[in-house]
Every structure is written in structure tokens, then in C-alpha cells.
Amino acid sequence: ISLDTDPDWPGWIILDSVCAVIFVAEVVVKSYVITPSVYFCGRDYVWNLFDVGLSLVAVTEIILSVLFASEGAQTRAALALRGLRLARMARLAKLMRMPLLEELANLISGFVISVRSLFWVMIFL
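Residues numbered from 1 in each chain as written. Predicted model: local features only at pLDDT ≥ 70, side-chain atom pairs only at ≥ 80, totals over all residues. Heavy atoms only, no water.

Here we look at the side chain of serine 55
- Mapped onto the secondary structure, serine 55 falls in helix H3 (residues 45-67).
- The buried category is assigned to serine 55, whose relative accessible area is 4%.
- A polar side-chain atom of serine 55 sits 3.4 Å from the main-chain carbonyl oxygen of phenylalanine 23. (Helix = DSSP H or I, 4+ residues; strand = E, 2+ residues; numbered from the N terminus. Buried < 20%, exposed > 50% of the residue type's maximum accessible area, 1.4 Å probe, protein only. Polar contact = N/O pair within 3.5 Å; in protein donor to acceptor, adjacent residues only side chain to side chain.)

What to know about the pattern of salt bridges
- Tallying each qualifying case throughout the model produces 1 salt bridge.
- When the shortest N-O distance is used, the salt bridge between aspartate 44 and arginine 43 registers 3.4 Å.
- Aspartate 44 sits in the partly exposed class, given a relative accessible area of 31%. (Salt bridge = Lys/Arg side-chain N within 4 Å of Asp/Glu carboxyl O.)

Thoughts on the confidence of the model for the protein chain
- Per-chain confidence: the protein chain averages 75 in pLDDT, with 66% of residues scoring 70 or above.
- Of all secondary-structure elements in the protein chain, the lowest mean pLDDT belongs to helix H4 (residues 76-96), at 60, while helix H2 (residues 36-41) reaches the highest, 91. (pLDDT = per-residue confidence, 0-100.)

Overview of the packing of aromatic side chains
- Enumeration according to the criterion identifies 3 aromatic pairs in this entry.
- Ring centres 4.9 Å apart and planes at 90° place the aromatic pair tyrosine 39 and phenylalanine 40 in the edge-to-face group.
- A residue is classified by how much of its surface remains accessible, and tyrosine 39, at 1% relative accessible area, is buried.
- According to the relative accessible area criterion, phenylalanine 40 is partly exposed, its value standing at 36%.
- Note on phenylalanine 119 and tryptophan 120: the rings are 5.1 Å apart at their centroids and 70° apart in plane angle, and the pair reads as edge-to-face.
- Residue classification places phenylalanine 119 among the partly exposed residues on the basis of a relative accessible area of 44%.
- Looking at tryptophan 120, the relative accessible area reads 45%, which means it is partly exposed.
- Among the aromatic side chains, those forming a connected cluster through ring pairs are Phe119, Trp120 and Phe124. (Phe/Tyr/Trp six-rings, centres within 6.5 Å; stacked < 30°, edge-to-face > 60°.)

Here you go:
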């Protein structure tokens, strides 16, 4: 089952909600463990801000999905924002330093890098 096959299945909102809760919980726990000052101003502050941004996007996407659930159609912007989650997965895969996951991280990084070009392709089609 995929989003392409059954986009109106109500389970997608539940699945997205679970992911959003996990993202937000990770940000909260990580900032509590390493203190907010280190989290937002430390060595990895750029990645941490990226994580906070993705968590906010996930929560916003859930709110929009619930508000516009009766229309049944998801906006292109919401689908595009899901691509940002791939960047987060690439970062996690690189942190694990496993050869198989490193290849996956490189593949995902290549996709994220090509998003700008894909945007222009979609504009000209």
C-alpha cells in the first residue's frame, strides 16, 4: 500500500501523526539531555535547527491534513515537504557509519541535491 494507491485512506494521517510525535519527542529529549544552550549553539547547531524545522513542518502538515481532510486532496507543498524527511534520514544513516547505510545516505543526498533541478523541470512541463 502506498500513498499513490489510496491517498484518501485515513491511516495516512495517523501514520504521519506518529512520525511527527517521534520527531518532536526526539527534539525535546535531545535538548533536555544536552541542555538547550548546547543544543542551539553547540557544534551541531545547524543540524539541530534542521531537526527543529522538520519537526515544525511535520506538525504543520498534520494540522493542515486534519483541517483539509474532507477535501481528500493533499497539496503539492505538503508532498514536497515530505522530501525534507529524506535529508533527515540521510543524516541518521551517515551517523551510523555502516557501509550499506552510507550508500543509502549517498543516494538520498543525491536526491535532495537534485530537488532544485526537479523543481525547474516541473515548472517547464
